[in-house]
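Chains, contacts and geometry: an overview
One letter stands for each residue in the lines below.
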Amino acid sequence: MNVQFKKGVLDLCVLSMLKGSDQYGYELANTLSEIIQISDGTVYPILRKLATDGMVTTYLQESQSGPPRKYYRLTGLGKKTLVSLQQEWLTFSKSVNQIVGGESI
Amino acid sequence: MTRQEYLAELRLSLRTLPASDVTDICGDFEEHFAIGLSQGKTEHEISAELGDPVSVAQTYLMSEEDVTVHASPAAVNTQTASTGTQTAAAGKDLTGARLFVILFNIFITLSIAFTIFGVLISFWICSVSLLAGGIAALAALFTVSGGWQAVTVLAGIAMISFSIVSGIVNYFLCKWTFIGCKSYIKWNKKIYNEGF
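Because the structure is a prediction, the values reported are computed rather than measured. Residue numbers run consecutively from 1 along every chain, following the written order of its sequence. Both sets of labels track the order of writing: A upward for chains, 1 upward for ligands. Per-residue local features of the predicted model are confined to residues with pLDDT of at least 70, and side-chain atom pairs are confined, for both listing and counting, to 80 or more; whole-chain, interface and lining totals are unaffected and use all residues. Hydrogens and water molecules were not included; the side-chain quantities draw on all heavy atoms of the structure.

1. Quick look at the interface of chain B and chain A
With 23 residues of chain B in contact, the opposing surface of chain A contributes 19 residues. The term buried area denotes the loss of accessible surface (1.4 Å probe radius) that occurs when two parts are joined, taken as the sum for both partners. When chain B packs against chain A, close to 1800 Å² is buried across both sides, 57% of that on carbon and sulfur atoms. Any carboxyl oxygen of Asp or Glu within 4 Å of a side-chain nitrogen of Lys or Arg constitutes a salt bridge here. Applying the counting rule to chain B against chain A returns 3 salt bridges. Between Arg48 of chain A and Asp21 of chain B there is a salt bridge, with its nearest N and O atoms 3.0 Å apart. Here a polar contact is taken to be a pair of N or O atoms separated by no more than 3.5 Å, where protein atoms must pair a possible hydrogen donor with a possible acceptor and residues adjacent in sequence count only if both atoms sit in side chains. On inspection of chain B and its partner chain A, the count reaches 7 residue pairs in polar contact (both at pLDDT 80 or more). Per the convention used, a helix needs a DSSP run of H or I reaching at least four residues, while a strand needs a run of E reaching at least two, with both numbered from the N terminus. Elements with a minimum of two residues in the side of chain B that touches chain A: helix 2 (19-38), helix 3 (43-50) and helix 4 (53-71) of chain B. Whether two residues are in contact is decided by their heavy atoms, any of which lying within 4.5 Å being enough.

2. A closer look at the pairing of strand 3 (residues 69-74) of chain A
Residue and element names in this part refer to chain A. Here's how the labels work: a residue is buried when its accessible area is under 20% of the maximum for its type, exposed when over 50%, partly exposed in between, all with a 1.4 Å probe on protein chains only. Most of strand 3 sits out of view: 5 of its 6 residues are buried. As paired strands, strand 1 (residues 23-24) and strand 3 are joined by 2 bridges and run antiparallel to one another. Looking at the pairing, Gln23 lines up with Tyr72 of strand 3. In this description, strands pair whenever DSSP reports at least two bridges between them. The pairing of strand 2 (residues 56-61) with strand 3 spans 6 bridges and is antiparallel. Looking across to strand 3, one finds that Tyr59 is bridged to Tyr71.

3. Topic: the sheet that holds strand 3 of chain A
Taken in spatial order, the 3 strands make up an open sheet running 1-3-2 (chain A), and their pairing is antiparallel. The strands lining the two open edges of the sheet, one partner per strand, are strand 1 and strand 2 of chain A.

Here is the structure:
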């Protein structure tokens, strides 16, 4: 799929995935790369940026198998941003569909 | 690519970042490898899934630049100057646009900004003085003779009301100025980094 398409919405995807529960990087990377065919490595820069922007916080948690994992949790700001990004995306994708879908606008 | 090779290449491509950032980032990728390995994947498979370390590093470098830009919204000129040199867009001559931004800011924006801030400050001083005057008038109520008391009360109340109204107006003026400044800074950054 077109890289430019993905770039803009990855933040939204990651934030949305954290809405239900805290997740660790590997988990997020795996799910996301399965659904929208990006390389796993793309997720980490996004997570780091979200953390510096105050959208998520991180904490370490031991696991039964393997090393401790860095979990990501949405902050209040992250939740707020998610809501507005979601709204923007819905409006935007609807408009694009109107054009691409060939319906008259 | 083995885990060692992948991390080495990542580290090399990130070398312009502060060492603590590089350690943090590499830590994330070490964790990714470790979890992948514990789930029975090979180092080569994990490297392939992660994607080219150089382009991953590129993404980090790009977002770090954004961070430095956002870190100091107050210093417009120094900030655009410092990030601009790093992000010099490939294949496009930005000298003209940059010169324009710098000269425009020095010769035109600076004087306009001083005027606007001066006006705003004097407005605030007016509001505060009116408030002080009003309070002083009310406080001095009993030092004036009977006939003047009504006048003093009215004058005091009038001054306080004016000060409140002008305070509200000032608040909005400051807010709009702030919003205007923000979009002006954004516009400057855009021209500086991307040309006209």
